[in-house]
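# Coordinate analysis (summary)
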Amino acid sequence: MSLTRGLDSPRTPLRRFLDRELSAGCRRLRATYRARLPSGPLILPGEGVGYEAGTVGTAIDQRLRLAFTAAAPIDQATKDGIATVKLTADYLGPHPAWEAIEAVGSELGRLMHSAIPDLALDDRARPFTRTDEDEERLARMLIAAAWFALNTRNFMAFPLTPLCKAAFADPGGFDLATLLALPHRHLVDDILAQLRAAEHGTLGRLRAQSDRAVCSPGPTFDGSSYLAADADLIVDGFLLEFKSTRRVEQFYKPVILQLLGYALMDFSDRYRIDSLGVYMTRAGALILWPLEDYLALLGARRRDLAELRAAFEKLLSHPEYGADNDPLPGELPGVEALLSELAPAIDEGCCRVCAQPLARPMISATRPRLYCSRFCSSRASSLRYHGWLT
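Residues numbered from 1 in each chain as written. Predicted model: local features only at pLDDT ≥ 70, side-chain atom pairs only at ≥ 80, totals over all residues. Heavy atoms only, no water.

The strand order β1-β2-β3-β4-β5 describes an open sheet built from five strands, whose pairing is mixed. Of all strands in the sheet, those bounded by a partner on one side alone are β1 (215-217) and β5 (285-290). Strand-to-strand twist in this sheet, taken as the mean axis angle between neighbours without regard to direction, amounts to 20 degrees. Examined bridge by bridge, β1 and strand β2 (residues 233-235) share three bridges and lie antiparallel to one another. In the strand pairing of β2, Ser216 is matched with Ile234. Against the sheet, helix α3 (residues 27-36) makes contact with β4 (275-280) and β5, and its axis sits at roughly 140 degrees relative to β5, the strand it touches most. Strands in contact with helix α13 (residues 253-265) are β3 (238-243) and β4; relative to β3, the strand with the most contacts, it is inclined by about 145 degrees. (Pairing = 2+ DSSP bridges. Helix = DSSP H or I, 4+ residues; strand = E, 2+ residues; numbered from the N terminus. Axes fitted to C-alpha atoms, helices over the stretch in contact; angles between N-to-C directions. Contact = heavy atoms within 4.5 Å.)

Structural data, given as structure tokens:
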């Protein structure tokens, strides 16, 4: 179960809950995102990146986290990917390469645990980047780590990585030096280009203004016990996701909901999240919103964060229906009943669409006002069509 999986399908209880709670949809929030997006050229990958764009994205995400705090030199997904090589081998079948892959993965983990702290990447008294030689070596380690992380996220795709292909081709000759030599030059250059853009842009300024003590890398949440979810970084209450897509003009709905989902899963307010944002690594653009503004732009019917979190917790913790699963036909009546139970109550004197109190509840002495704005009035028919407005 995972938050991102549950947000991809409009039929899951998770997605249906949020679609109904957010009366304005994503249009207004997306408009503010595009208005803040710089119009300069993008950092585009070289031809050698090809299908490894996702690997580059994973590697640059980890490198940027390390610039804020090196408390976790190796991320949890990579640790799990190395630790579960035997399980993958048991499922996919025996081969001499699996033992070599596991041994080299363990050696990679030890190298990262020793080499990364020595670089003091989160020391604000030093520059964002290190020497070209150090950064290339680190980029190669992070690319290799990203291949192991894939074993956690999609173990069926793990054998297709250059790591596994090299090990299967020559199990006896596969060692750490071979692994670190595998990344194509264009993969390394792509990471370094995105890193330099971050150093000289808004992300570099955010790093300079923060302290490593208030930074949480790869944070998980109270709700992660029900639904797998880990963000990229929290900096003193600012929850930040790194996105390495080249389609920077597109702020997709699942990403918008992903940011909010993280904030809602912090049931105990452990991280005191007060802002949400994305850093588009290929545009060098840091775009953020105060959490209150994020909720308002989405038309959240429950603006009280504690109340919204409580309803979200009831959804995620339901013992019968997985929040991220498309319900089976026999489960639909129960899911409908659950969503009805969790629906916000819209009191008299509140907008029928966004549920916020009306400044003027009456149009005349006998005619009540139903909507707080022309926007909510225009949204009513669409919400009613979807069954989100009675």
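Following the criterion strictly, the structure yields eleven aromatic pairs and no others. Ring centres 5.9 Å apart and planes at 40 degrees place the aromatic pair Phe17 and Phe312 in the tilted group. Of this pair, Phe17 sits in helix α2 (residues 13-21) while Phe312 sits in helix α15 (residues 305-316), placing them 295 residues apart in sequence. The two residues Phe17 and Phe312 agree in class, both being buried. Both rings, one in Phe242 and one in Tyr279, keep their centres 6.2 Å apart while their planes meet at 90 degrees; by these two values the pair is edge-to-face. One end of the pair, Phe242, is in strand β3; the other, Tyr279, is in strand β4, and 37 residues separate them in sequence. An identical accessibility class is assigned to Phe242 and Tyr279; each is buried. Directly above the aromatic system of Phe375 lies the positively charged group of Arg28, at a separation of 4.4 Å from the ring centroid. (Phe/Tyr/Trp six-rings, centres within 6.5 Å; stacked < 30°, edge-to-face > 60°. Buried < 20%, exposed > 50% of the residue type's maximum accessible area, 1.4 Å probe, protein only. Lys NZ or Arg CZ within 6 Å of the ring centre and 35° of its normal.)

Turning next to the nonpolar core. Ile101, Leu108, Leu179 and Leu203 are the most contacted members of the largest nonpolar core, which totals 59 residues. It is helix α7 (residues 97-119) that provides the largest number of residues to this core, a total of eleven residues. In this structure, this core is formed jointly by two domains, domain 1 (1-43 + 218-344) and domain 2 (45-207), each of which donates at least three residues. Core analysis: the second largest hydrophobic core is formed by 55 residues, Met265, Tyr271, Ala323 and Leu339 among them. (Core = buried A, V, L, I, M, F, W, Y, C linked by side-chain atoms within 4.5 Å. Domains from an automatic or database assignment.)

Checked against the element boundaries, Gln356 lands in the loop between α16 (332-342) and α17 (374-386). On a C-alpha basis, the gap between Gln356 and Glu341 in space is 20 Å, while along the polypeptide they are 15 residues apart. Look past the residues within four positions of Gln356 in its chain and what remains in contact with it is Ala300, Arg301, Arg303, Cys350 and Cys351. Polar side-chain contacts of Gln356 include one of 3.0 Å to the backbone oxygen of Arg301. At 3.1 Å, the side chain of Gln356 forms a polar contact with the backbone oxygen of Cys354. (Polar contact = N/O pair within 3.5 Å; in protein donor to acceptor, adjacent residues only side chain to side chain.)

For Ser23, the position within the fold is in the loop between α2 and α3. Look at Ser23 and you get buried, because its relative accessible area is 2%. In contact with Ser23, other than residues within four places in its own chain, are Leu298, Gly299, Arg301, Val353, Cys354, Arg379 and Leu383.

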